[in-house]
Structure formats: structure tokens, C-alpha cells
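Observations on chain architecture
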Amino acid sequence: MAPKPDNTEGIVLNFVNEQNRPLNVQNAADALQKFNLKKAAVQKALDNLCESGKISFKEYGKQKIYMARQDQFDIPDSEELNRMKQQNANLQEKLDEQKKAISEVDAEMKSLQSNLTLEEIHAKDAKLRKEVDEMEKKLIKLREGVTLVSPEERKAIEGLYSEALNQWRRRKRMFRDVWDAITENSPKNPKEFKEELGVEYDEDVGVNFQSFADLMQHNKKRR
């Protein structure tokens, strides 16, 4: 329902005073649509308020800018302004503390959400207990001298190990032949040339071919 005509000026006056900033009629009309006030009614109310001296205005060409009368407001002195600034600083500090507290709570919530549920904990506990039980059974068999690897599996693993050693030996020999051919007629010092190219021997990285070959022989003797 549209406001009564005599109430329109009251609504417009309250709005202008509350805003306390320069306004044109369109600004006021847009904001007062919630009161079902049309632009023409707002324009008339603004003009009447100016004529009665309740608000002031300035003309900029064809446009009028309306403002609240500043003599109706209490203007704080320098002491009051300083007190308000300090109060604002205190409030800002409290706001920062609240934001920090909220951030910490959010982080804790995310941490809790990433934890396992009770159902997941029970499931993981059951799985781990099963794995421990299986490992204990294997340990008992080992203590009793029971062989856990079948002869066929052992033979297959030894075959793979032996083939890997053969490949290693072959590649070492191939590299040595190529390296000797390159460095034989090269004017560069072989050690410096090796460092320049970033070449590393087995010994440079703490690996010894013979120790792996001996391991194979030692395993055969144990059988």
C-alpha cells in the first residue's frame, strides 16, 4: 500500500538524514522503492523539504543535489575525534582477534574432517590385526625351520639374479671397451674427462660387482 501523502515527506526526510551524503532524485527514488514511492512523489517531497528549510540543495546545471542540513548534527571536537579513533582502533583489534579465532576453528574443523571415522578406524584395526596374525604365523614357521619359499620359486629367483649379474658384467665390459677406445687417443686426462662427462664407476657410488657375485656363490654353498 502506498504511503499517505503527508507521510511521504517524513520518509524522504528520514532517508536523506540517515544517508547524510549528496543525493539526486534518482538515488532517492531507487532506494525508496521499498516504500512504493514513485519518482515524481520523491521529487515533490524533496522540493517541499527544501522550501521548508528541512534539507538543503545545490544546483549543477539542470540537476539538483540534495543534502541533509549539517547544523542538525553534533560535530565532535578534536578530543572526541581522538577518542573515537582510539575506540575504532580497539574495535579493529578485537575484529582481527575474532578473525584469527575463526581461522583457527576452521583449521581445526578441517583437521577433524580429515580424520578417520569410527567405522573406518574399526576397519583399519581389523585389517592390521589380520596382517599381524599372518606375520606371526610366518615368524613361527621361520623359527621352526620351515622353508617358506618353494624350490621352484627359489630356482626362478636365482635364475633372474644370475641373468642380472650376467647383464651387469656384459655392460661393464662393453663400457670399458668403448671408454678405452675413446680415451686412448684423447688429449684430455681420462680422470678429468670422466668428471666432465659425469661418468660414474660402480665404485664411485659404493657398489661392488664382486660382492653380488660372491653372494650368489655363497647361497649355492649353503644348499
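Residues numbered from 1 in each chain as written. Predicted model: local features only at pLDDT ≥ 70, side-chain atom pairs only at ≥ 80, totals over all residues. Heavy atoms only, no water.

So, on to the overall build of the protein. A count of helices and strands for the protein gives 8 helices and 2 strands. Mapped from its N terminus to its C terminus, the protein presents α and β elements in the order α-α-α-β-β-α-α-α-α-α. Taking 2.2 N^0.38 as the reference for a compact globule, 223 residues should give roughly 17 Å; the C-alpha atoms of the protein span a radius of gyration of 45 Å, well beyond that estimate. C-alpha atoms of the protein, sized along the principal axes, occupy 120 × 65 × 40 Å. Restricting to contacts in the protein with at least 6 residues of sequence separation, those with at least 24 account for 52%. Just so you have it, the protein exposes about 18,500 Å², and 53% of that area is on carbon and sulfur atoms. Between the centroid of the 40 positive side chains of the protein and the centroid of its 41 negative side chains there is a distance of 5 Å. (Helix = DSSP H or I, 4+ residues; strand = E, 2+ residues; numbered from the N terminus. Rg over C-alpha atoms; globule rule 2.2 N^0.38 Å. Contact = heavy atoms within 4.5 Å. Areas by Shrake-Rupley, 256 points an atom, 1.4 Å probe, with all protein chains shown as cover. Lys, Arg positive; Asp, Glu negative; His and termini not counted. Charge placed at Lys NZ, Arg CZ, Asp CG, Glu CD.)

Our next topic: the pairing of strand S2 (residues 63-68). Relative to S2, strand S1 (residues 55-60) runs antiparallel, the two sharing 6 bridges. Following the sheet pairing, glutamate 59 is matched in S2 by lysine 64. (Pairing = 2+ DSSP bridges.)

According to UniProt, the positions carrying the feature "domain: Homologous-pairing protein 2 winged helix" (unreviewed entry) are residues 7-68. Taken end to end, residues 7-68 comprises 53% helix and 19% strand; its first and last C-alpha atoms sit 18 Å apart. (UniProt positions renumbered as here; feature names shortened; annotations may be inferred.)

Looking now at helix H7 (residues 190-197). Two to three positions downstream of the cap, the backbone nitrogen of lysine 191 sits 2.8 Å from a side-chain oxygen, assigning the N-cap of H7 to asparagine 189. Phi turns positive one or two residues past the end of H7, at glycine 198, with a value near 75 degrees. (Polar contact = N/O pair within 3.5 Å; in protein donor to acceptor, adjacent residues only side chain to side chain.)

Turning to the nonpolar core, a few remarks are in order. Nonpolar side chains tend toward joint burial in soluble globular proteins. Of all hydrophobic cores here, the largest spans 19 residues; its most connected members are Val12, Val16, Leu32, Val42, Leu46 and Ile55. Of all elements in the fold, only helix H1 (5-19), helix H2 (25-31), helix H3 (39-51) and S2 reach the threshold of two or more residues within this core. Sequence-distant contacts of leucine 46, that is, excluding residues within four places in its chain, are made with Val12, Val16, Val25, Ala28, Ile55 and Tyr66. (Core = buried A, V, L, I, M, F, W, Y, C linked by side-chain atoms within 4.5 Å. Buried < 20%, exposed > 50% of the residue type's maximum accessible area, 1.4 Å probe, protein only.)

Turning our attention to the packing of aromatic side chains. Aromatic ring pairs are defined here through the distance separating the ring centres and the angle between the ring planes. Counting across every chain of the model gives 3 aromatic pairs. Ring geometry for phenylalanine 175 versus tyrosine 201: centroids 6.2 Å apart, planes at 70 degrees, classification edge-to-face. Here phenylalanine 175 is found in helix H6 (residues 151-184), whereas its partner tyrosine 201 is found in the loop between H7 and helix H8 (209-222), with 26 residues between them in sequence. Among the aromatic residues, ring-to-ring pairing joins Phe175, Trp179, Phe193 and Tyr201 into one connected group. Directly above the aromatic system of tyrosine 201 lies the positively charged group of lysine 194, at a separation of 4.8 Å from the ring centroid. (Phe/Tyr/Trp six-rings, centres within 6.5 Å; stacked < 30°, edge-to-face > 60°. Lys NZ or Arg CZ within 6 Å of the ring centre and 35° of its normal.)

We now examine the pattern of salt bridges. Overall, the coordinates contain 7 salt bridges when judged by the stated rule. Between aspartate 125 and arginine 129 there is a salt bridge; the shortest N-O distance is 2.8 Å. Placement of the pair is aspartate 125 and arginine 129 together in helix H5 (residues 118-143), with a separation of 4 residues, close to one helical turn. Arginine 129 sits in the exposed class, given a relative accessible area of 58%. Of the charged contacts, one joins aspartate 202 and lysine 172 as a salt bridge, the two residues approaching to 3.1 Å between their closest N and O atoms. (Salt bridge = Lys/Arg side-chain N within 4 Å of Asp/Glu carboxyl O.)

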